[in-house]
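# Notes for the structure review
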Amino acid sequence: MNRNIQELIKIARELRFDVVDMVYKSKDGHPGPALSIGDLVTALYFSEMNIDSKNPKKPGRDRFILSKGHACPIIYAALAKLNYFSNDLLPTLRTCDSILQGHPCMKKTVGIDMTSGSLGNGVAIGTGMEIARQRDNGSWYTYVITGDGELNEGVIWEGALAAVRNKCENLIVFIDFNNNQSGGHTDQISGINPIADKWRAFRWHVQEIDGHDYEQIFAAIDAAKKEKGKPSVIVCKTIKGKGVSYMEDNNAWHKGVPTTEQWEIAKKELLGGNM
Amino acid sequence: MSYKGTREAFAAALMELCEKDKKYQIISADSVKAARIVELVEKYPECYVEVGIAEQCAVDVAAGLATVGKVPFVATYCGFITMRACEQVRTFVAYPGLNVKFVGFNAGMLGGEREGVTHQFYEDIGILRSIPDITIVCPSDDTQTYQATKAIANVNGPCYMRIGNNREPRVFTEDVPEFELGKIRILNDYGNDVAIFTYGFLTDRAIKAAEILKKIGIGVTLVEVHTIRPLDVMGISVVLRKCGKAITYEDHNINGALGSAVSEIIAEGCPAKLIRIGLNEFPGSGTPDDLMKRYNMDTDDIVKAARALCEKK
């Protein structure tokens, strides 16, 4: 387990650039939501999760579901860096016959544990995975990342009830709380806040952290793993578009393609600047 | 073996599956009583997952279980699977090709009978036929439901079985014919005047109609199409070519299910005259006999349709 935070920060910058680069080259995708979860994905894929690109279907591996499937470019970047497939495939994002579909597809992309993209389903699917683990007496974890806007979906709360009912203690859900959804700020669109209180009412183990702070991310995962008999949710305060100045907290980049000039700015900010 | 009805037959088959292998899981959306699996849940709690009245969640949970190698059966009312949780069925089970089984109760107008429209489901097959890769089976009675449950358990992929309210008439009273997934079954071959294609819990009425027609000189080939996907196109084509006139008779909307499937075969190279008997409106509550009469789906209506096709007044 690599908890060298400086190293992880460097990896996250590279992954973020890969996101901008693949959207720029394939001319389609959702960069803002992908950048928002860059640090969570880095912490999970490059430190926390027990996974192996040489044995991607290893039965006892940890599972991951990107419930907010549109943020998949960051997962594709992570999988490529971990050698699940070649980096050369990244620019094929969203093109015909690519293994890198517009939203994650477990049948086409090695390393993807669950198809996703239609919002709201990750918690319930993760509950199913965790129940399977219990029945097999496994010791692995199921990690889910959902959006905050995504919490509008009713099936999220169906899953929240079922996970508690079934004592899903190895289910850890991260909420990417960037306060933005497709149409604008979550406060304006859906009134989902306060988020943590709702999960407390559903009797989950609830933590609130800065989703870009690795020490807080790891401390929260450690605490979640210690909690027995109930599932854990970690509400992660994040910035949509994190790491690229003109994308940060700018919902215009929920979906969008950078110009060549914007691509150069992103490259400089992510790879060329100070750590 | 015989059972009180299709739900009990399903429960009996599932009990045997769970006894053999704990990979089989039953996902309940507060549907344990309705599925007649109270005893199964008591005996094999490690095969039971409860999610409450939350069908979308039930399908998602089943998908999650299937990714780890379990074989979940989601059992609740047809419409709550195919309509309320339609997207979960399509996107998280059919698209990734996960090995999840769906068992829908209260199929058709007869399935819901006195409950009325909210609990009668005659759109399920049409909905699922438009989604690739789901095996669709429609047994006609309890004994066949038992066999069909075992058959879909052997398919490595998503399957849907539509069953009833546990009060279905027995169709196969003596030697129970083998349930061969994906194959039509000729129930009667009284002649080549008209073919009747049917399935489900009005198969007994079709059998009666074939007998009546025989007596008035119209020879019927009566075909049970218990598997809607994979459809036995070859078998149906042979019968269509032989008879040249056909009736589809089903407890489903006439659009989308067997009536449509046979129309497609006819249109794509197997010309025949066709009358589709089924629903084309929202019915309502009633006893099975009253409903069948009221909505022109009774034995007499088949006879009338066959006479019209054969131009016999």
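Basis of the calculations
Note on numbering: residues in each chain are counted from 1, in written sequence order. Starting at A for chains and at 1 for ligands, labels are handed out in the order in which the entities are written. Restriction of local features to residues with pLDDT of at least 70 applies here, the model being predicted, together with a cutoff of 80 or more for giving and counting side-chain atom pairs; totals for whole chains, interfaces and linings are based on all residues. Where helices and strands are cited, they refer to DSSP runs of H or I of at least four residues and of E of at least two residues respectively, numbered from the N terminus. Computation of the radius of gyration draws on C-alpha atoms alone. For the globule rule, the value is 2.2 Å times the number of residues to the power 0.38. To sort residues by burial, count the other C-beta atoms lying within 10 Å of each one's C-beta; a count of 20 or more means buried, 12 or fewer means exposed, and anything in between means partly exposed. C-beta atoms are built from the backbone. For every residue pair, C-beta atoms are placed from the backbone, and the pair is scored as a contact if these atoms sit within 7 Å. For two strands to be treated as a pair, DSSP must find no fewer than two bridges joining them. Think of each axis as a best-fit line through the C-alpha atoms, taken over the contacting stretch in the case of a helix, with angles from 0 to 180 degrees between the N-to-C directions. Core membership is restricted to buried Ala, Val, Leu, Ile, Met, Phe, Trp, Tyr and Cys residues, and these are joined into a nonpolar core through C-beta atoms within 7 Å. Domain boundaries shown here were taken from an automatic or database domain assignment. Gly is put with the polar residues, along with every residue not named as nonpolar or charged; the nonpolar set is Ala, Val, Leu, Ile, Met, Phe, Trp, Tyr, Cys and Pro, and the charged set is Asp, Glu, Lys and Arg. Confidence of the predictor in every single residue is expressed as pLDDT, which spans 0 to 100. Any angle between 65 and 115 degrees counts as roughly perpendicular, while under 35 counts as roughly parallel, over 145 as roughly antiparallel, and the rest as oblique. Working rule for handedness: look at the near helix, and if it is turned counterclockwise from the far one by less than a right angle, call the crossing left-handed; if clockwise, right-handed. Handedness of a crossover is defined as follows: with both strands directed away from the viewer, a clockwise route from the first strand across the helix to the second makes it right-handed. One less than the number of residues in a helix, times 1.5 Å, gives the span that helix is expected to have.

## Describing the overall build of chain A
Within chain A, the regular secondary structure consists of 10 helices and 7 strands. The C-alpha extent of chain A, read off along each of the three principal axes, is 50 × 45 × 35 Å.

## Section: the overall build of chain B
Each helix and strand in chain B was counted, giving 13 helices and 12 strands. In terms of C-alpha radius of gyration, chain B reaches 19 Å, essentially the compact-globule figure of 20 Å for 313 residues. With the C-alpha coordinates aligned to their principal axes, the bounding extent of chain B is approximately 60 × 40 × 35 Å. The buried share of chain B, reckoned over its 313 residues, is 58%. Counting contacts in chain B only where the partners sit at least 6 residues apart, residues at least 24 apart contribute 77% of the total.

## Notes on the sheet that holds strand β11 (residues 245-253) of chain B
Residues and elements named next belong to chain B. An order of β7-β9-β8-β11-β12 is seen for the 5 strands of this open sheet, with the pairing classed as mixed. The sheet is open, and its two edges are formed by β7 (185-189) and β12 (273-279), each paired on a single side. The average undirected angle you get between the axes of adjacent strands in this sheet is 20°. Its contacts with the sheet put helix α10 (residues 233-243) on β8 (194-198), β9 (220-224) and β11, and the angle it makes with β8 is roughly 150°.

## Considerations on the nonpolar core
In terms of nonpolar packing, the biggest core is built from 186 residues, with Leu14(B), Ala58(B), Val61(B) and Ile196(B) touching the most fellow members. When residues in this core are grouped by element, the largest group, 9 residues, is from helix α1 (residues 5-26) of chain A. Each of domain 1 (6-162) and domain 2 (185-309) of chain B gives at least three residues to this core. When residues no more than four places from it in sequence are discounted, the contact partners of Val61(B) are Ala124(A), Thr127(A), Gly128(A), Ile131(A), Ala162(A), Ile27(B), Val49(B) and Val51(B).

## So, the interface of chain B and chain A
Many descriptions give the size of an interface as the accessible area lost when the pieces come together. Residue-level contacts link 24 residues of chain B with 24 residues of chain A. Per element, the largest residue contribution to the side of chain B that touches chain A is 9 residues, and it comes from helix α3 (residues 55-67) of chain B. When the residues that make up the side of chain B that touches chain A are grouped by side-chain class, the tally is 12 nonpolar, 7 polar and 5 charged.

## A few points about the sheet that holds strand β6 (residues 205-210) of chain A
All names here are of chain A. Spatial ordering of the open sheet is given by β1-β2-β3-β7-β6, a layout of 5 strands whose pairing is parallel. The open sheet terminates on both sides in strands that have one partner only, identified here as β1 (63-66) and β6. Sheet twist, expressed as the average angle between the axes of neighbouring strands with direction ignored, equals 20°. Summarising the sheet, β6 and strand β7 (residues 232-237) pair through 6 bridges and their orientation is parallel. Note on β7: the bridge partner recorded for Asp210 is Lys237. Here helix α5 (residues 122-135) sits on the sheet and contacts β1, β2 (142-147) and β3 (171-177); the angle it forms with β2, its principal contact strand, is near 175°. Against the sheet, helix α9 (residues 214-226) contacts β3, β6 and β7, and its axis sits at roughly 170° relative to β6.

## Quick word on the confidence of the model for chain B
Averaged over every residue, the pLDDT of chain B is 96; residues scoring 70 or more account for 100%. Scoring the predicted complex yields pTM 0.97 and, for the interface, ipTM 0.97.

## Thoughts on the packing of α5(A) against helix α6 (residues 154-165) of chain A
Pairs of packed helices are described in terms of their axes, by the angle between the two and the distance that separates them. Residues and elements named next belong to chain A. For the pair α5 and α6, the least separation of the axes is 7 Å and the interaxial angle reads 30°. The orientation of α5 relative to α6 falls into the category roughly parallel. As α5 packs across α6, the resulting crossing turns out to be left-handed. Where α5 abuts α6, its residues Val123, Ala124 and Thr127 lie against Val155, Ile156, Glu158, Gly159, Ala160, Ala162 and Ala163.

## Brief notes about the pairing of β9(B)
Residues and elements named next belong to chain B. Along β9, 5 of the 5 residues are buried, which leaves the element largely enclosed by surrounding structure. By the alternation rule, side chains of β9 split into Val220, Leu222 and Glu224 and Thr221 and Val223, which are all buried. Bridge count for β8 against β9 is 5 bridges, and the pairing is parallel. Its bridge partner lying in β9, Val194 is registered against Val220. In the classification by handedness, the crossover that spans β8, the intervening helix α9 (residues 203-215) and the parallel β9 is right-handed.

## Notes on the environment of Val100(B)
Residue and element names in this part refer to chain B. Looking at the element boundaries, Val100 is found in the loop between α5 (86-94) and β4 (101-105). A sequence separation of 131 residues divides Val100 from Leu231, and the C-alpha atoms of the two residues are 20 Å apart. Those residues in contact with Val100, other than ones at most four positions away along the chain, are Ala62, Ala63, Ala66, Pro72, Val74, Val93 and Pro158.

## A closer look at the packing of α10(B) against helix α11 (residues 258-267) of chain B
Residues and elements named next belong to chain B. Interhelical geometry of α10 versus α11 gives an angle of 70° and a closest axis separation of 10 Å. In terms of axis orientation, α10 runs roughly perpendicular to α11. The interaxial crossing formed by α10 with α11 has right-handed handedness. In contact with Val233, Ile236, Ser237 and Leu240 of α10, α11 contributes Val262, Ile265 and Ile266.

## Concerning the domain arrangement of chain B
Residue and element names in this part refer to chain B. Domains assigned within chain B are domain 1 (6-162) and domain 2 (185-309). For domain 1 and domain 2, the distance between their C-alpha centroids amounts to 26 Å. Across the boundary between the two partners, domain 1 contributes 23 residues, which contact 26 residues of domain 2. Elements with a minimum of two residues in the side of domain 1 that touches domain 2: α6 (108-112), α7 (124-129) and β5 (135-137). Taken together, the residues of the side of domain 1 that touches domain 2 break down into 11 nonpolar, 7 polar and 5 charged.

## Considering unusual backbone geometry
With omega at 0°, the peptide bond leading from Asn193(A) into Pro194(A) counts as cis. Locating Pro194(A) in the fold gives a position in the loop between α7 (186-189) and α8 (195-201). Look at the link from Arg229(B) to Pro230(B): it is a cis peptide, with omega at 0°. Along the polypeptide, Pro230(B) turns up in the loop between β10 (227-229) and α10.

## Topic: α1(A)
Residue and element names in this part refer to chain A. The end-to-end C-alpha distance of α1, which contains 22 residues, comes to 31 Å, matching closely the 32 Å that a straight helix rising 1.5 Å per residue would cover. All of the buried residues along α1 are Ile11, Ala12, Leu15, Arg16, Phe17, Asp18, Val19, Val20, Asp21, Met22, Val23 and Tyr24. Residues of α1 that are buried make contact with α2 (31-36), α3 (38-48), α4 (72-81) and α10 (260-272).

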